[in-house]
Amino acid sequence: MSGAVVLYVWPGEWDLPSLDPECLTALCYLKYSQIEHTVQVVEKHWDLLKNSLPRLTFKNEVYSGIDEIIDFIKQNKNDDFLLSDKNYPDMLAILCLFKQKFIPAFNALCWLDNENTYSVIRKAYGKHLWFPFSLIKLKSIADNAKNVIMSSYRSSHVQFESISQHIVYESKECLNIISSKLGENLFMFENKPSLLDAYLFGYLSVLYKAPFINSALKSHLLASSNLCSLITRIQREQFPIDKEEIESKRVKELASRMKFLSWLNFFSVKSWFKQTSSSTTSKLTEIEEWEKRKSQLIALSVALSAMIVYAFAIGFIRIDVIKTDVEYVEKN
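The text that follows walks through the structure, step by step, so that each part is easy to find. This structure is a prediction, so every number in the text was calculated from the model and none was measured.

Thresholds, definitions, all that
Residues numbered from 1 in each chain as written. Predicted model: local features only at pLDDT ≥ 70, side-chain atom pairs only at ≥ 80, totals over all residues. Heavy atoms only, no water. Patch = residues over 30% accessible without salt bridge, like charges linked within 9 Å, V, L, I, M, F, W, Y side chains within 5 Å. Areas by Shrake-Rupley, 256 points an atom, 1.4 Å probe, with all protein chains shown as cover. Salt bridge = Lys/Arg side-chain N within 4 Å of Asp/Glu carboxyl O. Helix = DSSP H or I, 4+ residues; strand = E, 2+ residues; numbered from the N terminus. Axes fitted to C-alpha atoms, helices over the stretch in contact; angles between N-to-C directions. Parallel < 35°, antiparallel > 145°, perpendicular 65-115°, else oblique. Left-handed = near helix turned anticlockwise from the far one by under 90°. Contact = heavy atoms within 4.5 Å. Nonpolar A, V, L, I, M, F, W, Y, C, P; charged D, E, K, R; others polar. Phe/Tyr/Trp six-rings, centres within 6.5 Å; stacked < 30°, edge-to-face > 60°. Buried < 20%, exposed > 50% of the residue type's maximum accessible area, 1.4 Å probe, protein only. Expected span 1.5 Å × (residues − 1).

1. Re a nonpolar patch on the surface
1) Next: Taken together, Phe131, Leu135 and Ile136 make up a surface patch of nonpolar side chains, about 270 Å² in accessible area.
2) Next: With respect to the helices and strands, Phe131 occurs in the loop between helix H5 (114-126) and helix H6 (133-150).

Now the structure itself:
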């Protein structure tokens, strides 16, 4: 191919090259297609907010979302056609099953399960988005995930809570079928990678690596040793862990947190007491001293408000609203 292919992805997390399953799928399929490309990790907050990821650029064309990127790769080099006449339609059928049965349950775990949404997913994404970007972007992703799940049910009166168990059950059955088909093979079909393997790595690696809490779906995956081996082998061969890069990333995150804390220290209680003690030695009038203390109290309240808002933004603090149905009985 003449021209530079650039793939833009979310930053990495949990020792994965990206924290987003669609970005991981695009990364993996590009690797298997052997199309020469450059990976650009998007770290600018404004870019993460306004643009959808993954995003691929080639010449003057922009392909947004996993579907457009997959179509672009297939148009230029579709190795899936190298599968036999029997295996190619089987691969497409299992991929369709995976999209319909597993991905909705995975998205529900990430974006609709309060415990894991705030403790795992929002916390991971929130590291790379400043407030209020994190609230805007993550709410948009969560709303979209819920709309996609609920769109498969015709009735508008169906609540997610009433179908959540059914969704998890179907996702487990889907994993059972895929695990049985994989067996002891290296890949799903003919011991050669396909689009299905890229999708499996993209989604199952996040489920496998992220510290989900009390997840029946993750427990079911861990019980399928051949699927876990597939994930581990693909990452080892295609995305080997660079310990130096991980260490530099951790240092960078620590420096970012220290910068935030140093900014808050300007308004800290320690600074307030220090300035108060020094003010007693100076000959200020009572009015001047009160005005100074009032401004210090305002600065302190601003700092506390910023800390609380930041805690909400990263999911450290959350408010759960529990709705109850009250039945009214009219007495004669």
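2. Quick notes on the packing of H5 against H6
1) Next: Relative to each other, H5 and H6 sit at 135 degrees, their axes nearing to 10 Å. It follows that H5 is oblique to H6 by the angle criterion. The two elements H5 and H6 cross, and the hand of that crossing is right-handed. Together, Arg122, Tyr125 and Gly126 of H5 and Leu138, Lys139 and Ala142 of H6 make up the contact between the two elements.
2) Next: Of the residues contributing to the contact of H5 with H6, the split by class is 3 nonpolar, 1 polar and 2 charged.

3. Section: the packing of aromatic side chains
1) Next: On inspection of all chains with the given rule, the structure shows 11 aromatic pairs.
2) Next: With centroids separated by 6.1 Å and ring planes inclined at 85 degrees, the aromatic side chains of Tyr32 and Phe187 adopt a geometry described as edge-to-face. One end of the pair, Tyr32, is in helix H1 (residues 21-33); the other, Phe187, is in the loop between helix H7 (160-182) and helix H8 (195-209), with 155 residues separating them in the sequence. Of the two residues, Tyr32 and Phe187, neither departs from the other in class, the shared state being buried.
3) Next: Centre to centre, the rings of Tyr63 and Phe72 are 4.8 Å apart; their planes meet at 40 degrees, and the pair counts as tilted.

4. Structural notes on H8
1) Next: A rise of 1.5 Å per residue sets the reference length of H8, with its 15 residues, at 21 Å; its end C-alpha atoms lie 21 Å apart and thus fit the reference within 8%.
2) Next: Extensive coverage of H8 is indicated by the burial of 13 of its 15 residues.

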